[in-house]
Amino acid sequence: GAGVSQSPSNKVTEKGKDVELRCDPISGHTALYWYRQSLGQGLEFLIYFQGNSAPDKSGLPSDRFSAERTGGSVSTLTIQRTQQEDSAVYLCASSLVGQGNYEQYFGPGTRLTVT
Amino acid sequence: GENVEQHPSTLSVQEGDSAVIKCTYSDSASNYFPWYKQELGKRPQLIIDIRSNVGEKKDQRIAVTLNKTAKHFSLHITETQPEDSAVYFCAARGSSNTGKLIFGQGTTLQVKP
């Protein structure tokens, strides 16, 4: 079946502009995660959704970052007033929940460049 | 806070040799430890995982071992091939109910033909 998809694949924006990144999880996966990967670094957790609610937002770096999920499916990560340090690859992952399902499957990511 | 340390950061081996990557974690309640392979410009791909109730798991040329007492786990790749060249990440599932993964910093593996 179809895997996790993300759009756009690349985004170049000017400092101070707002951006929206989209994630389409695997159909039926109720858990959705956003991670950030800076150049040459590991993945940093941002936010977790179970259904449409976000019980864990502890990784969001500042109040310029927000995310929502609608219909238990598509999620949007919004970064307001972008800064150069926001430049990174933003990865989305989805997972089944229950019965010990822990595997997370990643999308291809959105490469964000803030100039 | 929760932390995962990964070593080495880079590893170069000759084709056919074995490669070992090691990780330590801080949260003793962590119960799930996946390994991801990421080729340049591609998404991370799950290659093997292990749960806290198992000490070792093997899948063809790759194996993972877990020492809960010492809080460390390792990835072993035998008979390495050039196509094994990639960045490998270990991770630990946090003890919270969210299931978020805490990742190591990654190991760049180069297999020389």
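For the structure, see preceding data.
Overview of the structure.

Parameters and conventions
Residues numbered from 1 in each chain as written. Chains lettered and ligands numbered in written order. Predicted model: local features only at pLDDT ≥ 70, side-chain atom pairs only at ≥ 80, totals over all residues. Heavy atoms only, no water. Helix = DSSP H or I, 4+ residues; strand = E, 2+ residues; numbered from the N terminus. Rg over C-alpha atoms; globule rule 2.2 N^0.38 Å. Buried < 20%, exposed > 50% of the residue type's maximum accessible area, 1.4 Å probe, protein only. Contact = heavy atoms within 4.5 Å. Lys, Arg positive; Asp, Glu negative; His and termini not counted. Charge placed at Lys NZ, Arg CZ, Asp CG, Glu CD. Buried area = accessible area lost by both parts, 1.4 Å probe. Salt bridge = Lys/Arg side-chain N within 4 Å of Asp/Glu carboxyl O. Nonpolar A, V, L, I, M, F, W, Y, C, P; charged D, E, K, R; others polar. Pairing = 2+ DSSP bridges. Phe/Tyr/Trp six-rings, centres within 6.5 Å; stacked < 30°, edge-to-face > 60°. Lys NZ or Arg CZ within 6 Å of the ring centre and 35° of its normal.

Considerations on the overall build of chain B
Consideration 1: Tallying secondary structure elements over chain B gives zero helices and eleven strands in all.
Consideration 2: Secondary structure of chain B in N-to-C order comes out as β-β-β-β-β-β-β-β-β-β-β.
Consideration 3: For a compact globule of 113 residues, the expected C-alpha radius of gyration is about 13 Å, and chain B comes in at 14 Å, within 12% of that figure.
Consideration 4: Its C-alpha atoms give chain B principal-axis dimensions of about 45 × 30 × 20 Å.
Consideration 5: Here chain B, with 113 residues, has 44% of them falling under the buried criterion.
Consideration 6: Restricting to contacts in chain B with at least 6 residues of sequence separation, those with at least 24 account for 54%.
Consideration 7: Across chain B, 13 positive and 12 negative side-chain charges occur, with their mean positions spaced 6 Å apart.

A look at the interface of chain B and chain A
Consideration 1: The partner chain A presents 20 residues to the 19 residues of chain B that form the contact.
Consideration 2: Both faces combined, the contact of chain B with chain A buries some 1,700 Å², and carbon together with sulfur accounts for 52% of it.
Consideration 3: Applying the counting criterion to the chain B and chain A interface returns two salt bridges.
Consideration 4: Between Glu103(A) and Arg51(B) there is a salt bridge; the shortest N-O distance is 3.6 Å.
Consideration 5: Residues that form the side of chain B that touches chain A fall into these classes: seven nonpolar, seven polar and five charged.

Structural notes on the pairing of strand S7 (residues 62-67) of chain B
All names here are of chain B.
Consideration 1: As paired strands, strand S6 (residues 56-59) and S7 are joined by four bridges and run antiparallel to one another. Following the sheet pairing, aspartate 59 is matched in S7 by isoleucine 62.
Consideration 2: Pairing of S7 with strand S8 (residues 72-77), which is carried by six bridges, proceeds in the antiparallel orientation. If you follow asparagine 67 over to S8, its bridge partner there is histidine 72.
Consideration 3: Here S7 hands over to S8 after four residues, with lysine 71 in that stretch at a positive phi of 55 degrees.

So, unusual backbone geometry
Most peptide bonds are trans, and most residues other than glycine sit at a negative phi.
Consideration 1: For the bond from Ser7(A) to Pro8(A), the omega torsion is -10 degrees, close enough to zero to count as cis.
Consideration 2: Geometrically, the link from His7(B) to Pro8(B) is a cis peptide bond, its omega value of -5 degrees lying close to zero.
Consideration 3: Along the chain, Pro8(B) turns up in the loop between strand S1 (4-7) and strand S2 (10-14).
Consideration 4: We note that Gln60(B) has phi near 55 degrees; this positive angle belongs to a residue other than glycine.

Some remarks on the packing of aromatic side chains
Consideration 1: Under the counting rule described, the total for this entry stands at 14 aromatic pairs over all chains.
Consideration 2: The interplanar angle of 25 degrees and the centroid separation of 6.2 Å between the aromatic rings of Tyr33(A) and Tyr35(A) together place this pair among those described as stacked. Exposure class is identical for Tyr33(A) and Tyr35(A). Each is buried.
Consideration 3: Pairing Trp35(B) with Phe73(B) gives two aromatic rings, centres 5.6 Å apart and planes at 70 degrees, and the pair type is edge-to-face. With Trp35(B) in strand S4 (residues 32-38) and Phe73(B) in strand S8, this residue pair connects regions lying 38 residues apart in the sequence.
Consideration 4: Judged by relative accessible area, Trp35(B) falls into the buried class, the value being 0%.
Consideration 5: Every member of this aromatic cluster is reached through a ring pair, and the members are Tyr33(A), Tyr35(A), Phe45(A), Tyr48(A), Phe106(A), Tyr36(B), Phe89(B) and Phe103(B).
Consideration 6: For the cation-ring pair, Arg93(B) lies above Tyr102(A), with the distance from its terminal atom to the ring centre recorded as 4.0 Å.

Shape descriptors only; they carry no functional weight alone.
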